[in-house]
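The residues making up each chain are set out below.
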Amino acid sequence: MKNLKNLDLSHNSLDWSIFSGQNKTKRLFRDHPLLNTIKLSNTSLKDMKCLGLNNLDYLIFLDLSYNLIESFEKDLFKLNFSIENLDLSNNLIKFIQPSSFNYFSYLKYLNMGGNFLNDTEQFSNIYFGNFHLLTDLEISHSKLTQLPLFNSYTFDIGKEFELLYMFLDHNFIESISAIYFDNFIKLTDLDLSYNRI
């Protein structure tokens, strides 16, 4: 199956312990270098390290939603520059290293809703302005009290973002800066319902 491009194992009771060894994980994906879509939603995945996705140069779509993932750390996707769609929604994520998303230069869709994300120092230091192609950001049903960081540096003044959709509903956001949305000239859908504004 060296020509396999799409793999969907969603809604299965996978025994991830069989992939816990580094060598086994490498073999699992080494024989499928052309994979561009992987769907592992609702498979009881706890540790993303066991996936060993670094060697998939053509990976564009990755769905890890509805699992038991607790953290998102840097270097998990060190060589996956091609990922455009990443769904981490409805996990148990509380911790994200600020540099975790440094390798996602082609990211267009990011869904982290339904996690335990709050305004800890780690999350508030994630600079979403690095996602030059991001069109869809979803962080609903979390514990955010402030908007995601897009305009933190002076070189961002006047920078226009590609974002079309932003879903931040069901959080604890209390206020919005008067100029926060000035650079989102393409934004068509904004959901801030069920906050504390």
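The structure under discussion appears in the preceding block.
Notes on the structure in this doc start here. A quick note: this is a predicted structure, and the numbers were derived from the prediction, not measured. (Residues numbered from 1 in each chain as written. Predicted model: local features only at pLDDT ≥ 70, side-chain atom pairs only at ≥ 80, totals over all residues. Heavy atoms only, no water.)

1. Details of the overall build of the protein chain
No. 1: A count of helices and strands for the protein chain gives two helices and ten strands.
No. 2: Reading the secondary structure of the protein chain in the N-to-C direction produces β-α-β-β-β-β-β-β-α-β-β-β.
No. 3: For the protein chain, buried positions account for 40% of its 197 residues.
No. 4: Across the protein chain, the fraction of contacts at a sequence separation of at least 24, relative to all contacts at a separation of at least 6, is 64%.
No. 5: When the accessible surface of the protein chain is split by element, carbon and sulfur atoms take 51% of a total near 10400 Å². (Helix = DSSP H or I, 4+ residues; strand = E, 2+ residues; numbered from the N terminus. Buried < 20%, exposed > 50% of the residue type's maximum accessible area, 1.4 Å probe, protein only. Contact = heavy atoms within 4.5 Å. Areas by Shrake-Rupley, 256 points an atom, 1.4 Å probe, with all protein chains shown as cover.)

2. Observations concerning the sheet that holds strand β8 (residues 136–138)
No. 1: The strand order across the open sheet built from eight strands is β1-β2-β3-β5-β7-β8-β9-β10, with neighbouring strands paired in parallel fashion. Two strands bound the open sheet, and with one partner strand each, they are β1 (6–8) and β10 (189–191). For this sheet, the mean inter-axis angle between neighbouring strands, taken without regard to orientation, is 5°.
No. 2: In this structure, strand β9 (residues 165–167) lies alongside β10, joined through three bridges in parallel fashion. Looking at β10, one finds that Met166 is bridged to Leu190. (Pairing = 2+ DSSP bridges. Axes fitted to C-alpha atoms, helices over the stretch in contact; angles between N-to-C directions.)

3. Some points on the nonpolar core
No. 1: Membership of the largest hydrophobic core comes to 45 residues, with the highest contact counts inside it found for Leu86, Phe101, Leu110 and Phe150.
No. 2: Ignoring anything within four residues of it in the chain, the contact list for Phe101 reads Phe72, Leu86, Ile96, Leu110, Met112, Ile126 and Phe131. (Core = buried A, V, L, I, M, F, W, Y, C linked by side-chain atoms within 4.5 Å.)

4. Considerations on the side chain of Ser10
No. 1: One can find Ser10 in the loop between β1 and α1 (22–30).
No. 2: Exposure remark for Ser10: the relative accessible area of 18% places this residue in the buried category.
No. 3: A polar contact of 2.9 Å, which involves the side chain of Ser10, links it to the side chain of Asp8.
No. 4: In this structure, Ser10 is in contact with Lys39, Leu40, Ser41 and Thr43, ignoring residues within four places of it in sequence. (Polar contact = N/O pair within 3.5 Å; in protein donor to acceptor, adjacent residues only side chain to side chain.)

5. Side note on the packing of aromatic side chains
No. 1: A complete count under the given rule lists five aromatic pairs for this structure.
No. 2: Ring centres of Phe72 and Phe104 lie 6.4 Å apart, and the angle between their planes is 35°; this geometry places the pair in the tilted category. One end of the pair, Phe72, is in strand β4 (residues 71–72); the other, Phe104, is in the loop between β6 (95–96) and β7 (109–111), with 32 residues separating them in the sequence.
No. 3: Taking relative accessible area as the criterion, Phe72 reaches 0% and is therefore assigned buried.
No. 4: Between Phe181 and Phe184, the aromatic rings sit 5.8 Å apart at their centres with planes inclined by 55°, giving tilted as the arrangement.
No. 5: Phe184 sits in the buried class, given a relative accessible area of 5%.
No. 6: Put simply, the rings of Phe161, Tyr180, Phe181 and Phe184 touch in pairs and so form one group of aromatic residues. (Phe/Tyr/Trp six-rings, centres within 6.5 Å; stacked < 30°, edge-to-face > 60°.)

6. Focus on the environment of Asn90
No. 1: Mapping Asn90 onto the fold places it in the loop between β5 (85–87) and β6.
No. 2: The class for Asn90 is partly exposed, based on a relative accessible area of 30%.
No. 3: Remark: the alpha-carbon pair of Asn90 and Ser140, spanning 50 residues in sequence, is separated by 10.0 Å.
No. 4: Residue contacts for Asn90: discarding those within four places in its chain leaves Tyr66, Asn67, Gly113, Gly114 and Asn115.
No. 5: Here Tyr66 takes part through its side chain, which lies 3.2 Å from a polar atom of the side chain of Asn90.

7. Side note on a nonpolar patch on the surface
No. 1: A surface patch of nonpolar side chains, amounting to about 290 Å² of accessible area, comprises Phe81, Tyr106 and Leu133.
No. 2: Mapping Leu133 onto the fold places it in the loop between α2 (121–124) and β8. (Patch = residues over 30% accessible without salt bridge, like charges linked within 9 Å, V, L, I, M, F, W, Y side chains within 5 Å. Salt bridge = Lys/Arg side-chain N within 4 Å of Asp/Glu carboxyl O.)

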